[in-house]
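# Tertiary structure, described
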Amino acid sequence: MKKIGVAIFGATGAIGQQFVRFLANNPLLDIRIITASKDKIGKRYADCTSWYAETSGNGLEIPDSIAGMHLSETSLAAVKEAGGVEIVFSALPSDVSRDLEFQSAEAGFWVVSKASSNRRDPLVPLLVPEINTEHLQILPAQRSKYKFGGNGAIISDPNCTTSGLVLALKPILDNVGIKRVVVTSLQSMSGAGYTGLSPVAITDNVLPFISGEEIKLRDETAKILGKFQDGKINNATFPVYSSCIRVPVDYGHMEDVYFETGNECGAEDLKRFMKRFRGEPQEMGLPSAPDCPIVVREEENRPQPKLDVNTNHGMSVVVGRVREQGEGFRMMVLVHNTVRGGAGMAVLNAEYLAKKGLDKMAFKESLSA
Ligand SMILES: NC(=O)c1ccc[n+]([C@@H]2O[C@H](COP(=O)([O-])OP(=O)(O)OC[C@H]3O[C@@H](n4cnc5c(N)ncnc54)[C@H](OP(=O)(O)O)[C@@H]3O)[C@@H](O)[C@H]2O)c1
């Protein structure tokens, strides 16, 4: 299969670096252009990027094929000039990303975004390819409302914490239903980006509030676990109560999750549902798909970010301490925020689209097949 050309908006940041890492040797996708903010335009990637992706335990240098690439302006014009691009990835701050996502889709590009800019739009699917590819059926309505040209479409990725929670909840929802969820996240520092957090504020400290995160965790979970019916995405109706806390950990968001199920079951049943959970990326053998999206640990003291964040290259969510408590159950969930909660998920989404066929008509046919 001919490789599909991609652009990375914001290639130098926490998420952008993981895009570079995931895409450097991808068999389906080929980086054609990388961008950053004004001051870095024209510079070699390796000369102006403090490479942190390796400190997330991946042990890699900047890939050779990218180290010498020059950074371009973050604009639609630059993407067009680069040529050969079909998918635009955004790893930009939300306020910078919003207009660019629309401009790119209007110009006929697929947009796969890590920014929250358009996640709340009912016509924009929040794609987790193991869970809700049926939500892509909203795209014809999106294209028609926004008059996107060619194959233009916007797909958003969930927030990093939500990515872990929904994967752990999906097999439970499918097997025994869910009545309610109460979740407290312990989120790592890299979740704020490389320049987003003051070292003075977080050293030896715990911050009990992360602006905007609790609402994202609640609303995005409902959207992703909802059903596509009657031409729209109908949110899941069980309530999600959330608290989001910043902790002095480099990579990996932990989530302490209490939930009540709709039907009777035991902790062993829940573990079995999660262990055997697979989705379309696994069936299709997509290059970035882990063999199992959820790894269940039996030890009392797992998962831990230090030991488990890179499970299956950071693409599996790790669940532990599944136990009965009160009227429901409790478990710990760990997600690699810049990989499964970040660029890894976006790349998996793009691989899914690439395999299904980017062309609009081919894509529609494969959806109804
Ligand atoms: N960090 C996470 O765990 C995580 C997880 C999921 C989603 N997200 C979302 O992903 C996006 C990127 O997050 P991040 O953590 O990677 O942030 P980051 O480390 O601060 O990186 C931001 C990137 O955007 C570029 N940029 C910033 N302002 C720009 C401007 N005005 N024009 C052009 N480029 C600009 C930066 O380039 P320079 O290097 O030149 O400044 C850098 O490449 C955000 O929307 C975030 O909410 C983050």
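For the structure, see preceding data.
Summary of the structure given here. All of these numbers come straight from a predicted model, not from anything done at the bench.

### Quick look at the packing of helix H7 (residues 160–176) against helix H9 (residues 213–224)
Running from N to C, H7 and H9 cross one another at 40°; their axes reach a closest spacing of 9 Å. Viewed along their axes, H7 and H9 adopt a mutual orientation that is oblique. Handedness of the crossing formed by H7 with H9: right-handed. Contacts between H7 and H9 involve Thr161, Thr162, Leu165 and Val166 from the first element and Glu213, Lys216, Leu217, Glu220, Thr221 and Ile224 from the second. The residue inventory of the contact of H7 with H9, partitioned by class, reads 4 nonpolar, 3 polar and 3 charged.

### Describing the site of the ligand
Around the ligand lies a shell of 30 residues, among which Gly10, Gly13, Ile15, Ser37 and Gly193 are the nearest. For the shell around the ligand, the secondary structure elements donating two or more residues are helix H1 (14–23), helix H5 (94–106) and helix H13 (339–356). By residue number, the principal contributor to the shell around the ligand is H1, which donates 3 residues. Class assignment for the residues of the shell around the ligand results in 11 nonpolar, 17 polar and 2 charged.

### Quick word on the nonpolar core
With 98 residues, the main nonpolar core has Val6, Ile8, Phe19, Phe89, Ala168, Val319 and Val333 as its most contacted residues. Excluding residues within four positions of it along the chain, Phe89 makes contact with Val6, Ala7, Ile8, Phe9, Phe19, Val112 and Ala346.

### Quick notes on the sheet that holds strand E3 (residues 85–90)
Pairing is parallel in the open sheet, where 5 strands are placed in the order E2-E1-E3-E4-E5. The open sheet has two free edges, formed respectively by strand E2 (29–34) and strand E5 (153–156), since each of these has just one partner strand. Neighbour to neighbour, the strand axes of the sheet diverge by 25° on average, direction disregarded. Pairing of E3 with strand E4 (residues 110–113) involves 4 bridges; the strand directions are parallel. The residue bridging Val88 from the neighbouring strand is Val111, located in E4. Strand contacts of H1: strand E1 (4–9), E2 and E3, with the helix running at about 160° to E1, the strand carrying the most contacts. Sitting on the sheet, H13 touches E1, E2, E3, E4 and E5, and the angle it makes with E4 is about 155°.

Reading the values: rules and limits
- Residues numbered from 1 in each chain as written.
- Predicted model: local features only at pLDDT ≥ 70, side-chain atom pairs only at ≥ 80, totals over all residues.
- Axes fitted to C-alpha atoms, helices over the stretch in contact; angles between N-to-C directions.
- Helix = DSSP H or I, 4+ residues; strand = E, 2+ residues; numbered from the N terminus.
- Parallel < 35°, antiparallel > 145°, perpendicular 65-115°, else oblique.
- Left-handed = near helix turned anticlockwise from the far one by under 90°.
- Contact = placed C-beta atoms within 7 Å.
- Nonpolar A, V, L, I, M, F, W, Y, C, P; charged D, E, K, R; others polar.
- Near = placed C-beta within 6 Å.
- Core = buried A, V, L, I, M, F, W, Y, C linked by C-beta atoms within 7 Å.
- Buried ≥ 20, exposed ≤ 12 C-beta atoms within 10 Å, placed from the backbone.
- Pairing = 2+ DSSP bridges.

The values reported here are purely geometric and, on their own, carry no functional implication.
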